[in-house]
Amino acid sequence: MTYSRIAGTGGYLPEKVLTNKDLEKIVDTSDQWIRERTGILRRHIAAAGETTCDLAEQASRRAIEAAGRQPGEIDLIVVATTTPDQVFPSTACLLQSRLDIHGCAAFDVQAVCTGFVYAMGVADNSIKAGSARCALVVGAETFSRLLNWKDRTTCVLFGDGAGAVVLEASDEPGILSTHLHADGDYASLLQVPHGVSQGYDAMQENAAFVEMRGNEVFKMAVNTLGRIVDETLEKNNLRKSDIDWLIPHQANIRIINATARKLRMSLDHVVVTVQDHGNTSAASVPLAFDAAVREGRIKRGETLLMEAFGGGFTWGSVLAKY
Ligand code: ACO
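Residues numbered from 1 in each chain as written. Predicted model: local features only at pLDDT ≥ 70, side-chain atom pairs only at ≥ 80, totals over all residues. Heavy atoms only, no water.

Describe in detail helix H2 (residues 31–38), supporting the description with residues and values.
Owing to its 3.6 residues per turn, the α-helix aligns residues three or four sequence positions apart on the same side. Those residues of H2 lying buried are Asp 31, Ile 34 and Thr 38. Looking down the long axis of H2, one finds its buried residues gathered within 80° of arc, a one-sided arrangement. Across from the buried face of H2, at angles greater than 90 degrees, the exposed residues are Gln 32 and Glu 36. Turning to H2, the residues buried within the fold contact helix H1 (20–24), strand E3 (42–45), helix H8 (253–262) and helix H9 (274–277). Positive backbone phi, approximately 85°, marks Gly 39, located one or two places after H2. (Buried < 20%, exposed > 50% of the residue type's maximum accessible area, 1.4 Å probe, protein only. Helix = DSSP H or I, 4+ residues; strand = E, 2+ residues; numbered from the N terminus. Arc of directions from axis to C-beta. Contact = heavy atoms within 4.5 Å.)

As C-alpha cells, this is what we get:
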C-alpha cells in the first residue's frame with residue numbers, strides 16, 4: 001500500500017500589514033470590537049499588482065526547499081484558491097510555469113476556506129492511486145480583492161497570503177484520512193453573488209464583493225466543525241487525547257476555541273495565527289501549519305488534525321502523522 005506523507009511546508013505573507021487601528025480610519029469600527037469578536041489584530045494585504053500566483057510561488061519555493069526536493073521532481077500541482085489571477089489558465093498552470101515545471105497535471109480547486117483541505121484530499125488520493133509521487137499542494141489567496149471596503153461587517157475579517165505543502169509517496173502514512181463535505185443549500189449565507197457566467201460587470205458598484213450573514217455562518221461553523229472532528233476520530237478509531245495538534249481554519253478565535261473545547265484540547269496544542277493573519281481563506285490552514293513547523297512546535301511523529309469550514313458551505317478535515 002502506498003501512502004502520502006508531508007515532506008515539507010512553506011508560507012508567504014505580503015509585506016503590507018493592515019492593523020485594526022488602520023481600519024478605524026477606513027470604516028466605522030474599533031480595535032476593541034474586532035479583537036473581542038474575532039481575535040484578529042492585524043492582517044497582510046497584497047500590494048497593487050501582487051497576485052495570488054506571486055504569493056503561491058514564494059510559499060511553494062519554501063515548501064519544496066523544506067522537503068529537500070527540486071521543482072522538477074513535482075508531478076502534480078493542486079492550487080486551492082477563490083481569487084485566481086485569471087479566469088483561465090488556472091493559477092496552478094501559471095505557478096507550474098513560474099517553477100519551470102513541465103508536463104505534470106496542474107489544476108485549481110475552489111472550495112473557498114475549505115479549499116486547502118479539499119486539495120490535500122485530492123493530492124492524497126492521487127498518490128495512493130499511484131498517479132502521482134510528489135505533489136505540490138497550495139492554498140493561496142488575495143482575498144482583499146473581494147472585499148467591499150465600505151462594509152465593516154466583512155472587510156475587517158480577511159487577509160492575503162499563501163501556504164504550501166509537498167506530499168510524497170511513502171510506505172507508511174502520512175495522511176491517515178481526509179474527509180470532504182459540502183451542502184450547496186447554504187450558498188446564500190456566504191457568497192460573492194456575481195460571476196463570469198452571470199454576465200459579470202467589473203465596473204458595477206458592488207461588482208464582486210463578499211457578502212456574509214456572519215451570525216448564521218458562525219453557528220453553522222461551530223456545529224459542523226464539532227461533527228467533522230467526531231467523524232474523523234471515529235473513522236480512525238482514535239480518542240480525542242490521541243490528537244497532538246489541532247490546526248483549524250483561522251476565521252474567528254471564538255470558533256477555534258469552541259472546537260478546541262469540543263476536543264477537550266488545551267489551547268497550547270491548537271495552532272492559532274488568526275491574530276496576525278486574519279482569515280486568509282484557502283491559505284489559512286497551510287499558513288498556520290507552516291508557522292508552527294518553523295517555530296519548532298509541531299514535531300515529526302505527532303498526530304495533526306486540520307479542519308476547515310467555508311463558503312458553499314464546504315467543510316472537511318485532514319488527519320495526518322507528521
Ligand atoms: N465594527 C464594529 N461593529 C460592527 C462591525 C465592525 N467591524 N461589524 C458588525 N458590527 C456591529 C453590527 O452592526 C451589530 O450592531 P447592532 O447590534 O447595532 O446591529 C453588532 O456589531 C453585532 O453584530 P453581529 O454580526 O451579531 O456580531 P457577531 O458577534 O456575530 O460577530 C462576526 C460578527 C465576527 C462576523 C461573526 O459572526 C463571525 O465570525 N462569523 C463567522 C465568520 C466565518 O467563520 N466565516 C467562515 C469562513 S469565511 C469563508 O469561507 C470565506
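A description of the sheet that holds strand E11 (residues 245–248) should follow, citing residues and the corresponding values.
The sheet built from four strands is open, its strands ordered E8-E13-E12-E11 with mixed pairing. Whereas interior strands pair on both sides, the edge strands pair on one side only; in this sheet they are strand E8 (175–182) and E11. If you compare each strand with its neighbour and ignore which way they point, the axes differ by 10° on average. Strand direction decides the pairing type here: E8 and strand E13 (residues 314–321), joined by seven bridges, are antiparallel. Bridging from a neighbouring strand, Leu 180 pairs with Gly 316 of E13. (Pairing = 2+ DSSP bridges. Axes fitted to C-alpha atoms, helices over the stretch in contact; angles between N-to-C directions.)

Describe in detail the UniProt feature "domain: Beta-ketoacyl-[acyl-carrier-protein] synthase III C-terminal" (unreviewed entry) in the protein chain, supporting the description with residues and values.
Here the UniProt feature "domain: Beta-ketoacyl-[acyl-carrier-protein] synthase III C-terminal" (unreviewed entry) sits at residues 233–321. Structurally, residues 233–321 is divided into 31% helix and 22% strand, and its ends, taken at the C-alpha atoms, are 13 Å apart. (UniProt positions renumbered as here; feature names shortened; annotations may be inferred.)

For the environment of Glu 73, give the residues involved together with the corresponding values.
Among the structural elements, Glu 73 can be located in the loop between helix H3 (52–66) and strand E4 (76–80). Among the residues examined, Glu 73 registers a relative accessible area of 36% and is labelled partly exposed. Separated by 165 residues in sequence, Glu 73 and Leu 238 have C-alpha atoms that sit 34 Å apart.

Explain the packing of helix H7 (residues 214–235) against H8 residue by residue, including any values.
Direction vectors running N to C along H7 and H8 enclose 30°, while the axes themselves pass 10 Å from each other. One way to sum up the angle between H7 and H8 is to call them roughly parallel. Considering how the two elements wind past one another, H7 and H8 form a crossing that is right-handed. Here Phe 218, Ala 221, Val 222, Leu 225, Gly 226, Val 229 and Asp 230 of H7 come into contact with H8, specifically with Arg 254, Ile 255, Ala 258, Thr 259 and Lys 262. Of the residues in the contact of H7 with H8, the class split is seven nonpolar, two polar and three charged. (Parallel < 35°, antiparallel > 145°, perpendicular 65-115°, else oblique. Left-handed = near helix turned anticlockwise from the far one by under 90°. Nonpolar A, V, L, I, M, F, W, Y, C, P; charged D, E, K, R; others polar.)

Would you mind going over the sheet that holds strand E7 (residues 160–170) in detail, with residue names and values included?
With mixed pairing, five strands are arranged side by side in an open sheet as E1-E7-E6-E4-E5. If you trace the sheet from one side to the other, it starts and ends with strand E1 (3–12) and strand E5 (105–109), each paired once. The mean inter-strand angle of the sheet, taken between neighbouring strand axes irrespective of direction, is 20°. The strands that helix H10 (residues 284–294) touches are E1, strand E6 (134–142) and E7; relative to E1, the one it contacts most, it runs at about 90°.

Describe H7, listing the residues and the values that go with them.
Between its first and last C-alpha atoms H7 spans 31 Å; for 22 residues at 1.5 Å apiece the expected length is 32 Å, and the two agree. Those residues of H7 that are buried lie in contact with E8, strand E9 (190–191), strand E10 (211–212), H8, strand E12 (303–310) and E13. The first or second residue beyond H7 is Asn 237, which carries a positive phi of 50°. (Expected span 1.5 Å × (residues − 1).)

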